[in-house]
Amino acid sequence: MKNTFGESVAVTLFGESHGEAIGAVIDGLAPGIPVDEDFIRAQLTLRRPRGPVSTARQESDPFRIVSGCFGGYTTGTPLTILIPNGDTKSKDYSKTKDLARPGHADLTAQMKYHGFQDYRGGGHFSGRITAALVAAGAVAITALKQKGVVLRSHIRACAGVEDRPFAAEEAALRADLAVLEGQSFPVLEPVAAAAMEQAILAAREDRDSVGGILETAVCGLPAGVGEPWFDTVEGVLAHALFSIPAVKGVEFGSGFALAGMRGSRANDPFRVEEGRFVTATNHNGGVNGGITNGMPVVFRTAVKPTPSIFQTQDTVDFVRGENAPLTLEGRHDPAIVHRAAVVADSVTALALCDLLALRFGTDWLAEQKKGG
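Residues numbered from 1 in each chain as written. Predicted model: local features only at pLDDT ≥ 70, side-chain atom pairs only at ≥ 80, totals over all residues. Heavy atoms only, no water.

Draft legend 1. The overall build of the chain, seen in detail. Per the secondary structure count, the chain includes nine helices and 18 strands. Compactness check: the chain gives a C-alpha radius of gyration of 21 Å against a globular reference of 21 Å for 372 residues, within 12% of the reference. Of all 372 residues assigned to the chain, the portion counted as buried reaches 51%. In the chain, 74% of the contacts between residues at least 6 apart in sequence involve partners at least 24 apart. Here the chain displays about 17200 Å² of accessible surface, and carbon together with sulfur accounts for 54% of that area. Charge separation in the chain, taken as the distance between the mean sites of 36 positive and 42 negative side-chain charges, equals 2 Å. (Helix = DSSP H or I, 4+ residues; strand = E, 2+ residues; numbered from the N terminus. Rg over C-alpha atoms; globule rule 2.2 N^0.38 Å. Buried < 20%, exposed > 50% of the residue type's maximum accessible area, 1.4 Å probe, protein only. Contact = heavy atoms within 4.5 Å. Areas by Shrake-Rupley, 256 points an atom, 1.4 Å probe, with all protein chains shown as cover. Lys, Arg positive; Asp, Glu negative; His and termini not counted. Charge placed at Lys NZ, Arg CZ, Asp CG, Glu CD.)

Draft legend 2. Representation of the environment of V139 within the structure. Position of V139 among the secondary structure elements: in helix 4 (residues 130–145). With 168 residues separating them along the chain, V139 and P307 place their C-alpha atoms 30 Å apart. Once residues lying within four places of it in the same chain are set aside, the contact partners of V139 are I26, L29, I33, V35, I40 and L79.

Draft legend 3. Representation of the side chain of D61 within the structure. Following the sequence through the fold, D61 ends up in the loop between helix 1 (37–47) and strand 4 (64–67). The exposure class assigned to D61 is buried, which follows from its relative accessible area of 2%. Polar contacts involving the side chain of D61 include one to the side chain of R48, which spans 3.4 Å. Reaching out from D61, the side chain makes a polar contact with the side chain of R128 at a distance of 2.8 Å. Excluding its chain neighbours within four sequence positions, the residues that come into contact with D61 are L44, R47, R48, I83 and R128. (Polar contact = N/O pair within 3.5 Å; in protein donor to acceptor, adjacent residues only side chain to side chain.)

Draft legend 4. The environment of E37, seen in detail. By secondary structure assignment, the location of E37 is in helix 1. In this structure E37 comes out as partly exposed when scored by relative accessible area, which is 33%. For E37 and T327, which are 290 residues apart along the polypeptide, the C-alpha to C-alpha distance reads 41 Å.

Draft legend 5. Here's a closer look at the pairing of strand 13 (residues 276–279). Sheet topology places strand 12 (residues 270–273) next to strand 13; four bridges connect them, and they run antiparallel. By the bridge assignment for strand 13, E273 is matched with R276. The hairpin formed by strand 12 and strand 13 contains two residues between the paired strands, and E274 there has a positive phi angle of roughly 50 degrees. (Pairing = 2+ DSSP bridges.)

Draft legend 6. Summary view of the environment of H104. On the secondary structure map, H104 appears in the loop between helix 2 (91–94) and helix 3 (106–113). C-alpha separation for the pair H104 and K147, spaced 43 residues apart in sequence, amounts to 39 Å. With near-sequence residues (within four places) excluded, H104 lies in contact with P307 and S308.

Draft legend 7. Region of interest: the sheet that holds strand 2 (residues 10–15). Read from one edge of the open sheet, five strands run 1-2-3-7-4, paired in antiparallel fashion. Edge positions in the sheet fall to strand 1 (4–5) and strand 4, since each of these pairs with one other strand and no more.

Draft legend 8. Up close: the packing of helix 1 against helix 4. At a minimum axis separation of 9 Å, helix 1 and helix 4 run at an interaxial angle of 135 degrees. Of the possible angle classes, the one that applies to helix 1 and helix 4 is oblique. The two elements helix 1 and helix 4 cross, and the hand of that crossing is right-handed. Where helix 1 approaches helix 4, its residues F39, I40, Q43, L44 and R47 are matched on the opposing element by T130, A131, V134, A135, A138, V139, I141 and T142. Each residue belonging to the contact of helix 1 with helix 4 can be placed in one class, and the counts come to nine nonpolar, three polar and one charged. (Axes fitted to C-alpha atoms, helices over the stretch in contact; angles between N-to-C directions. Parallel < 35°, antiparallel > 145°, perpendicular 65-115°, else oblique. Left-handed = near helix turned anticlockwise from the far one by under 90°. Nonpolar A, V, L, I, M, F, W, Y, C, P; charged D, E, K, R; others polar.)

Draft legend 9. Highlighting unusual backbone geometry. Positive phi is not limited to glycine here, since A159 has a value of about 55 degrees. The residue A159 is located in the loop between strand 8 (150–158) and strand 9 (161–162) in this model. Although it is not a glycine, R207 sits at a positive phi angle of roughly 60 degrees. Within the secondary structure, R207 is located in the loop between helix 6 (190–205) and strand 10 (212–219).

Draft legend 10. Molecular detail of the pairing of strand 16 (residues 297–303). Across the seven residues that make up strand 16, a large majority, six, are buried. Note that strand 10 and strand 16 share seven bridges and pair antiparallel. Its bridge partner lying in strand 16, T216 is registered against F299. With five bridges joining them, strand 11 (residues 247–252) and strand 16 adopt antiparallel strand pairing. Across the sheet, G249 pairs through a bridge with A302, a residue of strand 16.

Draft legend 11. Representation of the pattern of salt bridges. What the rule picks out here adds up to 19 salt bridges. Across the pair K97 and D98 runs a salt bridge whose closest N-O atoms are separated by 3.5 Å. Residue E251 is joined to R300 by a salt bridge in which the shortest nitrogen-to-oxygen separation is 2.9 Å. Taken together, the residues E251 in strand 11 and R300 in strand 16 connect sequence positions 49 residues apart. Residue classification places E251 among the partly exposed positions, given a relative accessible area of 22%. For R300, a relative accessible area of 13% translates into the label buried. Overlapping salt bridges bring together E37, D38 and R41 as one network. (Salt bridge = Lys/Arg side-chain N within 4 Å of Asp/Glu carboxyl O.)

Below is the structure:
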C-alpha cells in the first residue's frame, strides 16, 4: 500500500473524500523555499467547482500548514498540509455502497481492500484528494518560478470543441502562459471557452458527461535533466500525470502524430541562436533520449468523461455476486477537465522538482541561504 511519489523530493497523499481531512506531506524540500499561502489559496480556488459546469459540492479548503514551514519559508523538514472536509453528504452513497459504479474504482477497491475501504464519495480514490495535490503543487510551482521555470495548462479540447494550440515560438508561448494565469476555465481563445461550456451544459441536460484534453507547457527548464532509460523526463512526468483520476493518456510533443510523419519532418533541426542551442521545431516536446534539450517541454493529457452520470447503468452487486441496475444520487461534475488543469500543473511541478533535485542537488531549489 503506497501513496508516495518521488525520490529526492517526495509527496505523500492521505485522507478520504468524506473523512475528517485530506492532506499531503512533501519531504526533501530544501530549506529556504518561499511558502506563499495566498498563492496556495489562489491555486485551490482554480480547482474548485464553478457554476453549472461543475458539481454543487462546495469546499472552501481552509488549509493549515502544520509542519515544515517557519517565517514563510520551508525549514527543510517534512512540509505537512491539512485540508478539512466540510460539505459532505455521505447518505447519498449508503444505498449503493455494494454496487460498482461503472468507470469508478469501487470494484477494484473491493478487490484490493477486501471491504474495509471507505466507500463514501469514492473514499481515497476520489478527485477530492487532488486538492491536497494542488496545495502541495503550489509550493513546488513557487520553487520552480524563482529558478526561472514557468508552466501552465489549458483546455486544448472539450466535447469536440478545440482551443488553439500553444504558440510554437518560445516568446509567444511564454505570452500564452501569462494569459492563462488565474483562469478558472483556462483557454487561449474566449470563443472556445463559450462553446465548451455550452457543450458541457448540453451533456448535463442529458444527464451525461464529457471529457477533454489538456495541453501543458513548461518553459525555462535547463538542458540535461532526466535519465536515458527508466527515469526519462517523459516517464517520470507520465507516472505523475497518470495519478490524476480520469487521466487515460499522455503524449509529448507531436505525440502519436509522429507515427504518421516522415523522419525529415519529425526531426527537429538544431541551430545556434544567441549562443544557445535550440531547435527550429519542437515535435519531440523538448526531450531527446529521455533528457531535456532546453526547449519548452510540451505535452497533452487525455481526461475521460466524468464517470458519475445520472442515467441508469448496468453493473454488479459485488457482495451478493449479482447483476444489478444503478441509478446515482448525489452531486457530480458534468465535466472535470477545467478543474483538472491546475491539478496537471501541480503534479508536473512536483515531478520536475524531484527531477531537478536529483540532477543538481536538493539545495538548488532554495531561494537563499540564511545564517551561513
